[in-house]
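Next come the chains, spelled out residue by residue.
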Amino acid sequence: MTPPDVGTSKPPMRVVSGIQPTGDLHLGNLLGAILRWVRMQDEAECLFFLADLHALTVDVDPITLRANVRQMAAALIASGIDPAKSTLFAQSAVPAHPELAWILMCTARMGWLNRMTQFKDKSGKNRESSSVGLFTYPVLQAADVLVYRATHVPVGEDQKQHIELARDIAIKFNNDFDTKLFVAPEPFIGGGTAARVMSLRDGSTKMSKSDPSEQSRINLTDSDDAIAQKIRKAKTDPEPLPDDPALLDGRPEAKNLVGLLGALLDESVGQVLARFSGQGFGAFKPALADAVIATVSPIRARLEDLRRDEPTIDAFLARGADRARDLAAPTLAAVYSAVGLSH
Ligand code: TYM
């Protein structure tokens, strides 16, 4: 049987990325991923999804999960993802993702998954009691992008290893089945300073929604006062800011805050330091708070409006899922055919 034609010539640029629906976006998500997604909408065909199947890999309450998918969709739209330009949907609404993931689990190697640092971080000392899903998580992530033959996957630095795994899986599948079906996607990590936004309490760990300290992160739902207070209390060191970016090495908190201001104002670290060198954090922090508030406050206002309009969010997601299913179907059919599962 001839495999369905998914087009094996060089594909046009197609951007695919996802985010776990944990309820609230933080500044790391926003600068590391979402605002870059927003910019890419005008440059390429884009698909963005709420990774609700990935959310099942750790304990989750069903009512909370359902609410979080809507809430996160609203947060993406409030941040500038335009459902008229981009395909926005919930991962679980497109069964081709887990279907392809099963087949790719037979391509991925144990040794490859054993090297995934995020599994090690997330399972910690509880490896044996972790879900199998947490271990195979990166294979579902590979299916998420390969099913759309994505060329570019904009993510923060912490996801780079997972996208490289998706490349390895794509290449091995193509070799094993003598096909050009899959496109090896590029991890598209933001240049500059936003690729890895660190905790406000500890410059050596990333800003994350799983950090137990609320003070460690700025959420998009934080009030202006809460933002200013979190930045006032952010950990720093007693030294004044240097004039040379290299002198921030060994000062992780200072480096993070300077990087944040650079990312928010679209300036290099050198440009930020040129304005603040010789000054302490007493002068720097108010400028940073102003910049964070200027970015977050309009998003928060739009989010408050959108949250009242659940039917509109649901309609956007339903339309996005229809389109995503249409785009995924030919790839999945070609995969079935390539491995000998035609029926
Ligand atoms: P998630 O939900 O943890 O994060 C979503 C996006 O935000 C980025 N990010 C950060 N960037 C900079 N600094 C930070 N402190 C920071 N924290 C988070 C992440 O790199 C990511 O781009 N496994 C993924 C979701 C996913 C996915 C996919 C992504 C599922 N399938 C397919 C891309 C393609 C995750 O848990 O991201």
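Residues numbered from 1 in each chain as written. Predicted model: local features only at pLDDT ≥ 70, side-chain atom pairs only at ≥ 80, totals over all residues. Heavy atoms only, no water.

Novice: Honestly, the packing of aromatic side chains in this entry has me stumped. Any pointers?
Specialist: How two aromatic rings sit relative to each other is given by the distance of their centres and the angle of their planes. Overall, the coordinates contain eight aromatic pairs when judged by the stated rule. A ring pair is formed by Phe89 and Tyr148, whose centres lie 6.1 Å apart and whose planes are at 70°; its orientation type is edge-to-face. One end of the pair, Phe89, is in strand 3 (residues 87-90); the other, Tyr148, is in the loop between helix 7 (132-146) and strand 4 (152-155), and 59 residues separate them in sequence. Grouping residues by exposure puts Phe89 and Tyr148 together as buried. For the pair Phe276 and Phe284, a centre-to-centre distance of 5.1 Å together with 75° between the ring planes defines the contact as edge-to-face. Taken together through their ring pairs, the aromatic side chains of Phe49, Phe89 and Tyr148 make up a single cluster. (Phe/Tyr/Trp six-rings, centres within 6.5 Å; stacked < 30°, edge-to-face > 60°. Helix = DSSP H or I, 4+ residues; strand = E, 2+ residues; numbered from the N terminus. Buried < 20%, exposed > 50% of the residue type's maximum accessible area, 1.4 Å probe, protein only.)

Novice: I'm lost on unusual backbone geometry in this one. Help?
Specialist: Across residues other than glycine, the phi torsion is negative in most instances, and most of the peptide bonds are trans. Phi is positive for Arg149, which is not a glycine, with a value near 50°. Residue position: Arg149 is located in the loop between helix 7 and strand 4. Taking the relative accessible area as the measure of exposure, Arg149 reaches 9% and is therefore buried. One non-glycine residue, Asp266, lies in the positive phi region at around 60°. Note on placement: Asp266 falls in the loop between helix 10 (252-265) and helix 11 (269-276). Accessibility expressed as a relative area gives 71% for Asp266, which makes it exposed.

Novice: Whenever I open this one, the confidence of the model for the chain confuses me. Can you help?
Specialist: Low pLDDT means the predicted atomic positions in that stretch should not be read closely. Taken as a whole, the chain shows an average pLDDT of 94; of its residues, 96% reach a score of 70 or greater. Counting interchain partners and residues more than four positions distant, the pLDDT-below-50 stretch residues 1-5 has six contacts. (pLDDT = per-residue confidence, 0-100. Contact = heavy atoms within 4.5 Å.)

Novice: In this structure, what is going on with the site of the ligand? I would like to understand it.
Specialist: By nearness alone, 28 residues border the ligand, and Tyr137, Asp144, Gly156, Asp158 and Val197 come closest of all. For the ligand, an oxygen atom lies 3.2 Å from a polar atom in the side chain of Asn29. Side-chain polar atom of Tyr137 to a nitrogen atom of the ligand: 2.7 Å apart, as the coordinates give it. Those elements that provide at least two residues to the shell around the ligand are strand 1 (14-19), helix 1 (27-40), helix 7 and strand 4. Partitioning the shell around the ligand into residue classes produces twelve nonpolar, eleven polar and five charged. (Near = heavy atom within 4 Å. Polar contact = N/O pair within 3.5 Å; in protein donor to acceptor, adjacent residues only side chain to side chain. Nonpolar A, V, L, I, M, F, W, Y, C, P; charged D, E, K, R; others polar.)

Novice: Is there a simple way to think about the packing of helix 3 (residues 62-79) against helix 12 (residues 281-307) in this case?
Specialist: Helix packing geometry: the angle between the two helix axes and the distance between the axes. Viewed as axis vectors pointing N to C, helix 3 and helix 12 meet at an angle of 135°, and their least axial separation amounts to 8 Å. The angle between helix 3 and helix 12 falls in the class oblique. The handedness of the crossing between helix 3 and helix 12 is right-handed. Seen from helix 3, the contacting residues are Gln71, Ala74, Ala75, Ile77, Ala78 and Ser79; seen from helix 12, they are Ile299, Arg302, Leu303, Leu306 and Arg307. (Axes fitted to C-alpha atoms, helices over the stretch in contact; angles between N-to-C directions. Parallel < 35°, antiparallel > 145°, perpendicular 65-115°, else oblique. Left-handed = near helix turned anticlockwise from the far one by under 90°.)

Novice: Any chance you could explain the pattern of salt bridges here in plain terms?
Specialist: Side-chain pairs of opposite charge can arise where the charged atoms are in close proximity. Summed over the entire model, instances satisfying the criterion amount to 20 salt bridges. Members of the salt-bridge network, linked through shared partners, are Glu214, Arg217, Asp222 and Lys230. (Salt bridge = Lys/Arg side-chain N within 4 Å of Asp/Glu carboxyl O.)

Novice: Could you clarify how one ought to interpret the packing of helix 9 (residues 224-233) against helix 12 in this entry?
Specialist: For the pair helix 9 and helix 12, the least separation of the axes is 9 Å and the interaxial angle reads 150°. Here helix 9 lies roughly antiparallel to helix 12, going by the angle between them. Seen from above, helix 9 lies across helix 12 with right-handed handedness. Touching Asp224, Ile227, Ala228, Ile231, Arg232 and Lys233 of helix 9 are Lys285, Leu288, Ala289, Val292, Ile293, Val296, Ser297 and Arg300, all from helix 12.

Novice: I tried to follow empty space enclosed by the protein on my own but got confused; where do I start?
Specialist: Under the criterion given, the structure shown has one cavity of 30 Å³ or more. The volume enclosed by the largest cavity comes to roughly 50 Å³. Considering the residues around the largest cavity, the lining is formed by Gln118, Phe119, Lys122, Leu134, Tyr137, Pro138 and His162. Only helix 6 (117-123) and helix 7 provide two or more residues apiece to the lining of the largest cavity. Tallied by class, the residues present in the lining of the largest cavity amount to four nonpolar, two polar and one charged. (1 Å grid on protein atoms, 1.4 Å probe; cavity = no way out; pocket = protein on both sides within 12 Å on 5 of 7 lines; lining within 4 Å. Points joined across faces, edges and corners; volume = space filled by probe spheres on them.)

Novice: Help me understand the nonpolar core in this model?
Specialist: A general feature of soluble globular proteins is that nonpolar side chains tend to end up buried together. Grouped together as the largest cluster of nonpolar side chains are 63 residues, with contacts concentrated most on Leu27, Ile34, Leu50, Leu76, Phe284, Leu288 and Val292. Lining this core are residues from two domains, each supplying at least three of them: domain 1 (14-194 + 310-339) and domain 2 (214-305). Ignoring sequence-local partners within four residues, the contact set of Leu50 consists of Ile19, Pro21, Val69, Met72, Ala73, Leu76, Leu88, Phe89, Ala90, Gln91 and Leu317. (Core = buried A, V, L, I, M, F, W, Y, C linked by side-chain atoms within 4.5 Å. Domains from an automatic or database assignment.)

Novice: Looking at this structure, I do not really get the domain arrangement of the chain. What am I missing?
Specialist: How big an interface is tends to be stated in terms of accessible area lost as the parts join. Per the domain assignment, the segments of the chain are domain 1 (14-194 + 310-339) and domain 2 (214-305). On a C-alpha basis, the centroid separation for the pair domain 1 and domain 2 is 29 Å. With 14 residues of domain 1 at the interface, the matching set in domain 2 holds 17 residues. Carbon and sulfur atoms supply 73% of the area buried between domain 1 and domain 2, which totals about 1,200 Å² over both sides. Broken down residue by residue, the surface that domain 1 buries against domain 2 is led by Leu27, Ala78 and Thr193, which jointly contribute 43%. Inspection of the region where domain 1 meets domain 2 yields zero salt bridges. At the surface where domain 1 touches domain 2, the tally comes to four residue pairs in polar contact (both at pLDDT 80 or more). Listed by contribution, the elements that provide at least two residues to the side of domain 1 that touches domain 2 are helix 1 and helix 3. A per-element tally of the side of domain 1 that touches domain 2 places helix 3 first, with five residues. Here the residues of the side of domain 1 that touches domain 2 are counted per class, giving nine nonpolar, four polar and one charged. (Buried area = accessible area lost by both parts, 1.4 Å probe.)

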